[in-house]
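Below, each chain spelled out in residue letters.
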2 protein chains.
Amino acid sequence: MDMGADCHHEDGVHPGLAGPVLADALVLAERRCAATQERLTAPRRRVLELLLESDGPQKAYDLIAAFGAHGEPAKPPTVYRALEFLERLGFAHRIESLNAYVPCRLDGQGHRAAFVICECCGAAEEFEPDFATQLAAAAPSGYAVRSVTLEARGLCPACQAG
Amino acid sequence: MDMGADCHHEDGVHPGLAGPVLADALVLAERRCAATQERLTAPRRRVLELLLESDGPQKAYDLIAAFGAHGEPAKPPTVYRALEFLERLGFAHRIESLNAYVPCRLDGQGHRAAFVICECCGAAEEFEPDFATQLAAAAPSGYAVRSVTLEARGLCPACQAG
DNA sequence: AATGATGCGTTATGAGATAACATAACGAGT
DNA sequence: ACTCGTTATGTTATCTCATAACGCATCATT
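Described below are features of the structure shown in this document. (Residues numbered from 1 in each chain as written. Chains lettered and ligands numbered in written order. Predicted model: local features only at pLDDT ≥ 70, side-chain atom pairs only at ≥ 80, totals over all residues. Heavy atoms only, no water.)

Right, let's talk about the overall build of chain A for a bit. Looking only at helices and strands, one finds six helices and six strands in chain A. Along chain A, from the amino end to the carboxyl end, the secondary structure elements read α-α-β-α-α-β-β-β-β-α-β-α. Across the 162 residues that make up chain A, the buried fraction comes to 45%. For chain A, the proportion of contacts with a sequence separation of at least 24, taken over those separated by at least 6, is 56%. As displayed, chain A offers around 8300 Å² of accessible surface, 51% of which is attributable to carbon and sulfur atoms. (Helix = DSSP H or I, 4+ residues; strand = E, 2+ residues; numbered from the N terminus. Buried < 20%, exposed > 50% of the residue type's maximum accessible area, 1.4 Å probe, protein only. Contact = heavy atoms within 4.5 Å. Areas by Shrake-Rupley, 256 points an atom, 1.4 Å probe, with all protein chains shown as cover.)

Least-squares fitting of chain B to chain A yields an RMSD of 0.1 Å, with the superposition described by an axial translation of 0.0 Å and a rotation of 180°. The transformation just described matches what one would write down for a two-fold rotation axis. When C-alpha distances to the rotation axis are compared across chain B, the minimum falls at leucine 150 of chain B, with a value of 2.3 Å. Most of the interface of chain B is mirrored in chain A, where 100% of its interface residues again form contacts. (Least-squares fit on C-alpha atoms with pLDDT ≥ 70 in both.)

In the region of DNA strand C, 18 residues are neighbours, and Lys59, Tyr61 and Arg94 of chain A together with Thr41 and Arg81 of chain B sit closest. Considering DNA strand C, the proportion of its atoms within 4 Å of the protein that are sugar or phosphate atoms stands at 53%. Taking threonine 41 of chain B, its side chain carries an N or O atom lying 2.4 Å from a phosphate oxygen of DNA strand C. Side-chain polar atom of lysine 75 of chain B to a phosphate oxygen of DNA strand C: 3.4 Å apart, as the coordinates give it. It is helix 4 (residues 76-88) of chain A that contributes the most residues to the surface near DNA strand C, four residues altogether. Here the residues of the surface near DNA strand C are counted per class, giving seven nonpolar, three polar and eight charged. (Near = heavy atom within 4 Å. Polar contact = N/O pair within 3.5 Å; in protein donor to acceptor, adjacent residues only side chain to side chain. Nonpolar A, V, L, I, M, F, W, Y, C, P; charged D, E, K, R; others polar.)

As a further point, take the protein's contact with DNA strand D. As a matter of local geometry, DNA strand D sits amid 19 residues, with Thr41 and Arg81 of chain A together with Lys59, Tyr61 and Arg94 of chain B nearest to it. Restricting attention to atoms of DNA strand D within 4 Å of the protein, one finds that 55% of them are sugar or phosphate atoms. At 2.3 Å from a phosphate oxygen of DNA strand D is found a side-chain nitrogen or oxygen belonging to threonine 41 of chain A. At a separation of 3.1 Å, a phosphate oxygen of DNA strand D approaches a polar side-chain atom of tyrosine 80 of chain B. Of all the secondary structure elements, the ones that give two or more residues to the surface near DNA strand D are helix 2 (42-53) and helix 4 of chain A together with helix 3 (60-66) and helix 4 (76-88) of chain B. A total of four residues in the surface near DNA strand D trace back to one element, the largest contributor, which is helix 4 of chain B. Residue composition of the surface near DNA strand D, by class: eight nonpolar, three polar and eight charged.

Before going further, it helps to examine the sheet that holds strand 2 (residues 92-95) of chain A. Residue and element names in this part refer to chain A. Read from one edge of the open sheet, three strands run 1-3-2, paired in antiparallel fashion. A single partner strand is all that each edge strand has here, and the edge strands are strand 1 (58-59) and strand 2. Strand contacts of helix 2: strand 1, strand 2 and strand 3 (100-103), with the helix running at about 85° to strand 3, the strand carrying the most contacts. Here helix 4 sits on the sheet in contact with strand 2 and strand 3, set at roughly 110° to strand 2. (Pairing = 2+ DSSP bridges. Axes fitted to C-alpha atoms, helices over the stretch in contact; angles between N-to-C directions.)

Turning our eyes to something else, we now look at the packing of aromatic side chains. Residues and elements named next belong to chain A. Counted by the stated rule, this structure contains two aromatic pairs over all chains. For the ring pair tyrosine 61 and tyrosine 80, a centre distance of 6.5 Å and an interplane angle of 65° mean the geometry is edge-to-face. Pair noted here: tyrosine 61 is in helix 3 (residues 60-66) and tyrosine 80 is in helix 4, with a separation of 19 residues, a long-range link. The ring centre of phenylalanine 85 lies 3.8 Å from the NZ or CZ of arginine 44, which sits over that ring. (Phe/Tyr/Trp six-rings, centres within 6.5 Å; stacked < 30°, edge-to-face > 60°. Lys NZ or Arg CZ within 6 Å of the ring centre and 35° of its normal.)

Have a look at this one:
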């Protein structure tokens, strides 16, 4: 995406978790895994941690580079497998139009995710596409819609003001 | 996308143009370019032709491979530049979740494109997202939405029946 | 013709993702 | 505790997707 060279704003919508808040989020994820007999293994947990710490959408190779505790990168499959797991459980989402990943900011698992993406600062905000059911009606006749990818672009409030 | 191993359907929604119908479509494209002082150059025209001939979403490297008249592939930038042009003029759309391209099947230029994609046969059907304006309201507070990427997945009528 | 803008051809490389295979960890049943 | 099937990981290599950078060609205007 072209962010425009004249944007001086920071990613600020989701500042990224740290300290006890981050720890809590990870514990919550552990619990949700335990409840469904899924395993939040070390690499999965690490990738989730990196996503939660981040201020905005993360590229897979950013995660790969940041994976190791002392600067050693991960191997690509390690991170891609973890991302696949996190998406499956609803802990993370892929933003197709950015080739990037974000942690889920909403509670419900299995929900349909939708995003607004600021073309200026790159922030991505998740929202609940309540109208997904409307979509099924709006879609061409006869299609049985099962999932929806919805990514809207525009300007976040800060970038409109600035 | 996982199309499922058990689908025996063909891409049938848009059979691909040929002969006089194809020629007409290209002439129409020429006219629309001329009207806005844009140039439908040879590589651009060739890529549009390949898209119009196709039965379904085409990958960039499929187009690259098919570009030459006698089996010689194009160089990647040739095709990517043509696709960029065709998208800009509304003659083609990129489907993000497939990394693939389709010719525009609707008349209006500059419209917001939306797609339903059959998870079984891979067909992609374009439709007009009339509710895009509703989206602006549904989006998180304060975002000024400028464009929307909407890609729904499900089963086309033929694949539901079969 | 000179000029400036746009587009093309070419080489090379960057960015994103996965196939394939071997090894290791878990967990249910005995 | 053992063994067996399953699930997950480590590793290497490769595949797919896309663009940077450069020089030349083409076209419209002067």
